[in-house]
Amino acid sequence: MNEHNIKRYNLNEQKKLTSRQMLYVIAHSKIWLLFACLLSIWRILLTYNLPISALSTSIHDDALMADMAVKLLSGNWLGEYSQFTMPKGIVYPLYLVFVHKSGISYLLITQLLYMLGAFLSVLAIHKKENGFVLDFLIYGILIFNPLMSSLNVYTRIYRNVLVPIEVLFVFAGILGMFMRLEQKNSKLIFWDFLSGAGVLTLNMTREDSIWIMPFLIVASIVFLVMVIIKRPKGYPVKVCLIALPFLMLILGNQTVKTINHNYYGILACTDTNATHFTDAIKAMYSVEDAEDIPMVSVSRRKMEKLYANSPTLASVRENVDASLDAWADAEDNNVTDAHFFWAVRDGLAMAGLYRDAVETDEFYHKIANELNTAMDEGRLEKRTVMPSALMSPWRKGYFGRLMDAYGLSYRFVSSFYSCETVVTESVDNGKGGIRLFEDLTNDKAVYPGQTADVDEKIIKKQDFLNNVYGLYSRVNQIVLACSLILFAGFTLALIFRKSFRDANWKLWLSALSALLSAFVLVSGVAYTHISAYPAISASYLAGVYPLMLLFEGMILYMLHGVICDNVFRWKTNVDNALSVIDMDIKRE
């Protein structure tokens, strides 16, 4: 029985099909694919022509990305070395270059890439016997994600907008391989490459993307174990395919490191990771501070100790102090951990050090050695620091505050808080900064004082998108809570019911991986929120939103399977429906 015959079959003229059988045929109609295309076009039209948010005075974030893109366009990699050359990943500036060269709207390309990630995610977990209705529903929920029309992530020209896209690519690739374990190896290569591309770009978009690695490692181990146990056809090749994402990550990172080494003399993707800069910052954090100031790991009093025990750091004291003064909080003259490493970099740049990467790296190396020696000799008291050099040290009382931050993060994400669409004025630096953002993105911004001139159609789009945001905000809190309860129930069922079908095991493992990955990311953001700066925001949690929606989608798939298997006995009705249709077609 093929789909062509199902299309030929006139349901209105047949009396032999039950309502359940009719539902099956309708659910498997490819008309849902047409509906998905129409929904995609509608989504594109809703975000098309929205003004971008250009923050051209944000020289350490948004404007930094734009400046890196301009230097790439000049054909001289990232230009002359400075404290702004290699602090952040290269992928987003490269993306801006691609958009600029294409001549196509940045917002349009970004939306299309996100929709592609959503489509591939749904395709990865699609099962023929489930039809297309659930696929359509989950795809629609994914593409109307309010995050991807919000001011804080979507229209703001900053790197966090790529994170949801990359997360979808990673999970689509892994799930696509996992769900197709028994299929030919040729059908697995695409999914394997997709996950590798997602991991590589995510790793080179944000320096803190290490949170995705536990998922990738565990998923690879599970896939390997299942291949060994089931030994599907071509299993030796399948074992080798597991290594492809890791190989792509290593080769991609090594390529960028080699380019940076050729231009600047240091073998690193960024100079804030895997360089002596991180060693120096970690050494500064490791020194015990007599003062306990919230979100401040290196107080001004502690700086006096550092100067006294590091002649190298003391040699640039005047410039570092001036930079600390510029970054300091007005009340107590201390610099929070959010800005401390930038203050140090700016201070050394003022001292003339950030002109040669090798010289600067060696300078940091001396600082790290001097401070570590002082701690080893007992001249400075040492305290325990976190594994990541740029994470603030753990303090007494953090556990309770961390639990509170988890709760705040849950409420923040589940309600899509701060994911509104807002048409707002951009910020100009007085040097044509907004115009530069427009040139790079092929989109328009609202200049200061021109809010009243915004097209009424744009305002109507904003209002409609905010109505969608309001719907997600209210409904998703209930959906997520129910999904978590159902997940717990499915977990118990999988433990105590051996008859639970194989497809549900795969969906359960996939849902668990999404849940745990989201937890790892939330943990990092929550800890930063209590220790360094207010980090619980849509920007820093951007990777959680698609994971949450995917988790809810997979729970829906599992619920559908349980209902069909145990309530409607779907398979029996399906077989009967197909038999009836086949018999009538033969009579024709």
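Refer to the preceding data block for the structure.
Residues numbered from 1 in each chain as written. Predicted model: local features only at pLDDT ≥ 70, side-chain atom pairs only at ≥ 80, totals over all residues. Heavy atoms only, no water.

Whenever I open this one, the overall build of the protein confuses me. Can you help?
The secondary structure content of the protein amounts to 25 helices and zero strands. Burial status across the protein gives 54% buried among its 588 residues. For the protein, the computed accessible surface area is about 26,600 Å², with 62% contributed by carbon and sulfur atoms. (Helix = DSSP H or I, 4+ residues; strand = E, 2+ residues; numbered from the N terminus. Buried < 20%, exposed > 50% of the residue type's maximum accessible area, 1.4 Å probe, protein only. Areas by Shrake-Rupley, 256 points an atom, 1.4 Å probe, with all protein chains shown as cover.)

Explain the packing of helix α10 (residues 186–203) against helix α13 (residues 244–264) here, please?
Relative placement of two packed helices is described by the angle separating their axes and the distance separating the axes. α13 packs onto α10 with a crossing angle of 35° between their chain directions and a minimal axis gap of 8 Å. Here α10 and α13 pass one another in a crossing that is right-handed. Counted together, D192, F193, S195, G196, A197, V199, L200 and N203 of α10 and L244, P245, M248, L249, G252 and N253 of α13 form the full contact between these two elements. When the residues that make up the contact of α10 with α13 are grouped by side-chain class, the tally is eight nonpolar, five polar and one charged. (Axes fitted to C-alpha atoms, helices over the stretch in contact; angles between N-to-C directions. Left-handed = near helix turned anticlockwise from the far one by under 90°. Contact = heavy atoms within 4.5 Å. Nonpolar A, V, L, I, M, F, W, Y, C, P; charged D, E, K, R; others polar.)

Honestly, the pattern of salt bridges in this entry has me stumped. Any pointers?
Pairing between side chains of opposite charge can happen when their charged atoms approach one another. Under the criterion given, the structure shown has 17 salt bridges. Measuring nitrogen to oxygen at the nearest pair gives 3.1 Å for the salt bridge that ties D271 to R345. Residue D271 is located in the loop between α13 and α14 (276–286), and its partner R345 is located in helix α18 (residues 337–350); the two are separated by 74 residues in the primary sequence. Between D325 and R300 there is a salt bridge whose closest N-O contact spans 2.9 Å. Pair noted here: D325 is in helix α17 (residues 317–327) and R300 is in helix α15 (residues 300–309), with a separation of 25 residues, a long-range link. Among the charged side chains, a network of salt bridges with common partners joins R300, E304, R317, D321 and D325. (Salt bridge = Lys/Arg side-chain N within 4 Å of Asp/Glu carboxyl O.)

Would you explain helix α22 (residues 456–496) in this entry?
Every α-helix winds through 3.6 residues per turn, so residues three or four apart in the chain are directed the same way. Its 41 residues give α22 an end-to-end C-alpha distance of 59 Å, which sits within 8% of 60 Å, the value for a rise of 1.5 Å per residue. The sharpest bend along α22 reaches about 35° and sits at V475. One side-chain oxygen at the N-terminal end of α22 lies 2.8 Å from the backbone nitrogen of K457; it belongs to D455. (Expected span 1.5 Å × (residues − 1). Bend = angle between axes of the 7 residues up to and from the residue. Polar contact = N/O pair within 3.5 Å; in protein donor to acceptor, adjacent residues only side chain to side chain.)

I keep staring at a positive patch on the surface and nothing clicks. Help me out?
Judged by side-chain charge, K128, K184, K187 and K233 come together as a positively charged surface patch. With respect to the element layout, K187 can be found in helix α10. (Patch = residues over 30% accessible without salt bridge, like charges linked within 9 Å, V, L, I, M, F, W, Y side chains within 5 Å. Lys, Arg positive; Asp, Glu negative; His and termini not counted. Charge placed at Lys NZ, Arg CZ, Asp CG, Glu CD.)

Whenever I open this one, unusual backbone geometry confuses me. Can you help?
Note: most residues except glycine have negative phi, and most peptide bonds are trans. Even without a glycine there, the phi angle at N49 is positive, about 75°. Its identity is not glycine, yet F416 carries a phi of approximately 55°, on the positive side. Tracing the chain through its elements places F416 in the loop between α20 (398–414) and α21 (433–441).

Teacher, can you tell me more about the nonpolar core here?
Inside soluble globular proteins, nonpolar side chains tend to come together where they are buried. Of all hydrophobic cores here, the largest spans 171 residues; its most connected members are F340 and Y545. At 14 residues, helix α9 (residues 162–179) tops the list of elements feeding residues into this core. Residue contacts for F340: discarding those within four places in its chain leaves I281, M284, Y285, V298, M303, L324 and V335. (Core = buried A, V, L, I, M, F, W, Y, C linked by side-chain atoms within 4.5 Å.)

How should empty space enclosed by the protein be read in this particular structure?
Gaps left between atoms are located by rolling a probe of water-molecule size over the structure's atoms. Applying the stated rule across the entire model yields four cavities of 30 Å³ or more. In this structure, the largest cavity occupies an estimated 60 Å³ of space. In terms of lining residues, the largest cavity is bounded by Y81, I266, D271, T275, F277, R345, Y354, A357, T360, D361 and Y364. With four residues, helix α19 (residues 357–376) is the largest single contributor of residues to the lining of the largest cavity. Class assignment for the residues of the lining of the largest cavity results in six nonpolar, two polar and three charged. Taken as a whole, the second largest cavity spans an internal volume of roughly 40 Å³. In this structure, the second largest cavity is lined by L50, P51, S149, S150, L151, T155, T421, V422 and V423. (1 Å grid on protein atoms, 1.4 Å probe; cavity = no way out; pocket = protein on both sides within 12 Å on 5 of 7 lines; lining within 4 Å. Points joined across faces, edges and corners; volume = space filled by probe spheres on them.)

Before we go on, may I ask you to explain the side chain of S150 in this structure?
Here S150 shows up in the loop between α7 (133–143) and α8 (151–155). Engagement of the side chain of S150 in a polar contact is seen with the backbone oxygen of L147, the distance being 2.8 Å. Not counting residues within four places of it along the chain, the set of residues in contact with S150 comprises T155, C419, E420 and T421.

I'm lost on the packing of α20 against α22 in this one. Help?
Between α20 and α22, the shortest axis-to-axis distance is 8 Å and the interhelical angle comes to 120°. On the basis of the axis angle, α20 is oblique to α22. Listed contacts from α22 to Y410, V413 and S414 of α20 are Y472, S473, N476, Q477, L480, A481 and L484. Considered class by class, the residues forming the contact of α20 with α22 number six nonpolar, four polar and no charged. (Parallel < 35°, antiparallel > 145°, perpendicular 65-115°, else oblique.)

Would you take a moment to explain the packing of aromatic side chains for this structure?
How two aromatic rings sit relative to each other is set out by the distance from centre to centre and by the angle between their planes. Counted according to the given criterion, the structure contains 30 aromatic pairs. Taking the centre distance of 5.9 Å and the plane angle of 5° together, the rings of F487 and W508 count as stacked. Note that F487 is positioned in helix α22 and W508 in helix α23 (residues 502–531), a separation of 21 residues in sequence. Comparing F487 with W508 shows no difference in burial state: the two are buried. Through pairs of rings, three or more aromatic residues link up here, namely W77, Y81, F84, Y263, Y264, F277, F341, W342, Y354 and Y364. (Phe/Tyr/Trp six-rings, centres within 6.5 Å; stacked < 30°, edge-to-face > 60°.)

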